[in-house]
Amino acid sequence: MTTTRKLFLGARLKRLRRDLGLQQSAMATQLGISASYLNHLERNQRPVTAGILLRLAEVFDVNVKVFAAEGNESAGAEHLGEIFSDQMFSDLAISRYELVELADNAPTVAEGVARLYTALRDLQRQTHSGDGDETDPRGLITPETWVRDYIQESNNHYPELEACAETLGVAMADALSIAEPLRRRLKDAWGISCRVVSPALLGESTQQYDPERRVFMLSSLLRSENRTFGLAYQLAMVEFREVIERVVEAAAPPDQGSRHLLHVSLANYAAGAIIMPYGRFLASAEEYNYSIDRLCGEYGANVEQVSHRLTTLSRPGARGVPFFMIRVDAAGNISKRYAGNAFPFSRFGGTCPRWNLHAAFQNAGKAISQVIETPDGQRFFTISRTIERPIRPDVQSDGLLAVGLGCELRYAEKLHCAAGLDLANPPTTPIGPACAICPRMNCPQRATAPAGRALAVDENRKTISPYPFVPA
């Protein structure tokens with residue numbers, strides 16, 4: 001007999017209502033329930049039923065799967081587990097039950113804890129100035145951290161930008177390449193001339209706009225698809241300036257660094273949306289079974305650009321496969337992470353060494369597929385492959401990065417790269433979010449013992465894992 005898990009989603013329901021600016025009575029009316037019943041739901045005194053979830057989807061365009069999924073909060077129990085795995089909390093022995101209680105019943109407090117911890121980590125990375133100046137405490141969170149979290153909270157999808165970019169991108173569609181229409185648009189509509197110049201003229205820059213001369217310069221070292229993207233980026237900066245500024249203002253960045261970085265990130269987003277207009281790109285992705293190589297050929301884009309675009313397909317009523325994407329260098333440093341839905345890795349740490357993203361560097365140019373399973377039983381189909389940096393200043397420099405793209409296993413049947421695999425019973429690699437919070441025992445890749453677990457080291461015996469521990 002199968003027991004259906006009851007969904008107590010009061011904190012998420014309350015946050016949704018507040019985000020919508022609704023009183024309980026107004027939201028209850030739209031859901032077709034009484035205000036008192038909604039109050040019970042928000043206080044977790046009643047479970048959220050399938051009927052309520054369907055009404056949420058119909059009335060407020062809520063993605064039901066994301067809304068009801070375990071651990072989908074920005075500071076859910078899993079993320080709190082990462083925080084409290086820090087050595088400074090080792091004597092507290094905080095149980096998972098307590099973390100779940102905090103995440104479910106006081107989500108705003110949990111988010112506050114997450115922000116404080118993020119600020120602490122960022123502060124530890126900075127050089128202490130010792131000048132004693134008083135600043136906004138939010139400024140302790142680095143711009144890249146703040147922007148990354150904002151993008152994730154937005155599910156990496158911006159409807160207003162998508163609408164503008166789709167109108168422009170469709171109008172400029174060209175059978176050969178969109179690069180020339182982009183150049184003409186910059187010249188004819190905005191009086192901006194575009195030139196490919198020697199890298200000596202740009203110094204450390206790969207592209208640069210001179211507003212006084214109204215000249216946009218691209219380094220001759222850039223590959224063709226990166227030049228095209230550069231043109232689209234500059235067009236987005238001038239064509240969608242007001243739209244981007246509205247999104248930035250609504251986001252309320254804590255400082256100028258975060259504001260500028262978010263502006264650039266949104267312009268990059270718009271550039272991808274111009275080159276790969278939403279409706280046409282989604283249709284192509286479905287037609288080609290999400291074949292990255294075919295999509296690269298169709299849109300004159302590179303692997304990274306197409307992979308990032310695939311994480312943005314969250315338009316209500318026209319959603320694509322919800323992918324996540326991560327980009328790393330050979331040392332394992334994460335430089336990009338995006339997700340249209342679930343993301344199976346650590347918020348504060350790196351990735352699991354058992355994920356074959358790291359093996360991509362030994363198989364340059366090849367796409368490596370793998371099914372991974374997280375400790376909570378979720379399974380994901382992933383593809384890893386190397387990409388080259390947009391520019392290499394010299395031939396001696398390492399030009400390789402690796403991109404990992406993945407989705408929940410249930411979507412894999414739609415993917416070209418999963419054709420022929422037994423998806424009902426695939427070979428599966430158990431992974432974890434980060435060693436410090438991973439509960440898996442007997443892992444030969446473990447780099448540190450999990451927080452809150454007593455070590456089980458025996459002088460007379462060596463184990464597969466260098467840090468054996470007592471199970472919970």
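### Here's the deal with the packing of helix H1 (residues 10-20) against helix H3 (residues 35-42)
- Two elements in contact, H1 and H3, have axes separated by 7 Å at closest approach and are oriented at 120°. On the basis of their axis angle, the class for H1 and H3 is oblique. Taking contact as the criterion, the partners of Gly10, Ala11, Leu13, Lys14 and Arg17 in H1 are, on H3, Leu38, Leu41 and Glu42.
- Looking at the contact of H1 with H3 residue by residue, the classes come out as four nonpolar, one polar and three charged.

### Considering helix H18 (residues 303-310)
- The buried count for H18 comes to eight of eight residues, which makes it a mostly enclosed element.
- For H18, the complete set of buried residues consists of Val303, Glu304, Gln305, Val306, Ser307, His308, Arg309 and Leu310.
- One side-chain oxygen at the N-terminal end of H18 lies 3.3 Å from the backbone nitrogen of Glu304; it belongs to Asn302.

### Some words on the pairing of strand E10 (residues 400-408)
- Taken across its nine residues, E10 has eight buried, putting it largely inside the fold.
- Note that strand E9 (residues 379-388) and E10 share nine bridges and pair antiparallel. In the strand pairing of E10, Ser384 is matched with Gly404.

### Some points on unusual backbone geometry
- A positive phi angle is found at Arg214, which is not glycine, with a value near 55°.
- Assignment of secondary structure puts Arg214 in the loop between strand E2 (207-210) and strand E3 (215-219).
- Positive phi is not limited to glycine here, since Asn289 has a value of about 55°.
- The topology assignment puts Asn289 in the loop between helix H16 (278-287) and helix H17 (292-299).

### Things to note about the sheet that holds E2
- In spatial order, the strands read E1-E3-E2; together these three strands make up an open sheet with mixed pairing. Two strands close off the open sheet at either side, each with one partner strand: strand E1 (193-197) and E2. Mean inter-strand twist for the sheet, computed between neighbouring axes without regard to direction, equals 20°.
- In this sheet, E3 lies alongside E1 in parallel orientation, the contact comprising five bridges.

### Focus on the sheet that holds E10
- The strand order across the open sheet built from six strands is E7-E6-E10-E9-E8-E11, with neighbouring strands paired in mixed fashion. Edge positions in the sheet fall to strand E7 (334-339) and strand E11 (428-430), since each of these pairs with one other strand and no more. Mean inter-strand twist for the sheet, computed between neighbouring axes without regard to direction, equals 25°.
- The sheet contacts of H18 involve strand E6 (324-328), E7, E9 and E10, and relative to E6 the element is tilted by about 145°.

### With respect to the pattern of salt bridges
- Evaluated as defined, the whole model comprises 18 salt bridges.
- Between Glu180 and Arg183 there is a salt bridge; the shortest N-O distance is 2.6 Å. Placement of both Glu180 and Arg183 in helix H11 (residues 179-190) is noted, with a separation of three residues, approximately one turn of the helix.
- Its relative accessible area of 34% is what places Glu180 among the partly exposed residues.
- When its relative accessible area of 33% is taken as the criterion, Arg183 is described as partly exposed.
- Arg241 is paired through a salt bridge with Glu245; the nearest N and O atoms lie 3.8 Å apart. Of this pair, Arg241 and Glu245 are both found in helix H14 (residues 241-251), four residues apart, which corresponds to roughly one turn of the helix.
- Of the residues examined, Arg241 reaches a relative accessible area of 36% and is grouped as partly exposed.
- Through salt bridges with shared partners, one network takes in Glu180, Arg183 and Arg184.

### Examining the confidence of the model for the protein
- Looking at the protein, pLDDT values average 83 and 87% of them are 70 or higher.
- Least confident of the elements in the protein is helix H8 (residues 107-125), whose mean pLDDT is 70; most confident is H16, at 97.
- A low-confidence stretch, residues 127-139 stays under pLDDT 50, and its non-local contacts, those more than four residues away or across chains, total four contacts.

Conventions and cut-offs
Residues numbered from 1 in each chain as written. Predicted model: local features only at pLDDT ≥ 70, side-chain atom pairs only at ≥ 80, totals over all residues. Heavy atoms only, no water. Axes fitted to C-alpha atoms, helices over the stretch in contact; angles between N-to-C directions. Helix = DSSP H or I, 4+ residues; strand = E, 2+ residues; numbered from the N terminus. Parallel < 35°, antiparallel > 145°, perpendicular 65-115°, else oblique. Contact = heavy atoms within 4.5 Å. Nonpolar A, V, L, I, M, F, W, Y, C, P; charged D, E, K, R; others polar. Buried < 20%, exposed > 50% of the residue type's maximum accessible area, 1.4 Å probe, protein only. Polar contact = N/O pair within 3.5 Å; in protein donor to acceptor, adjacent residues only side chain to side chain. Pairing = 2+ DSSP bridges. Salt bridge = Lys/Arg side-chain N within 4 Å of Asp/Glu carboxyl O. pLDDT = per-residue confidence, 0-100.

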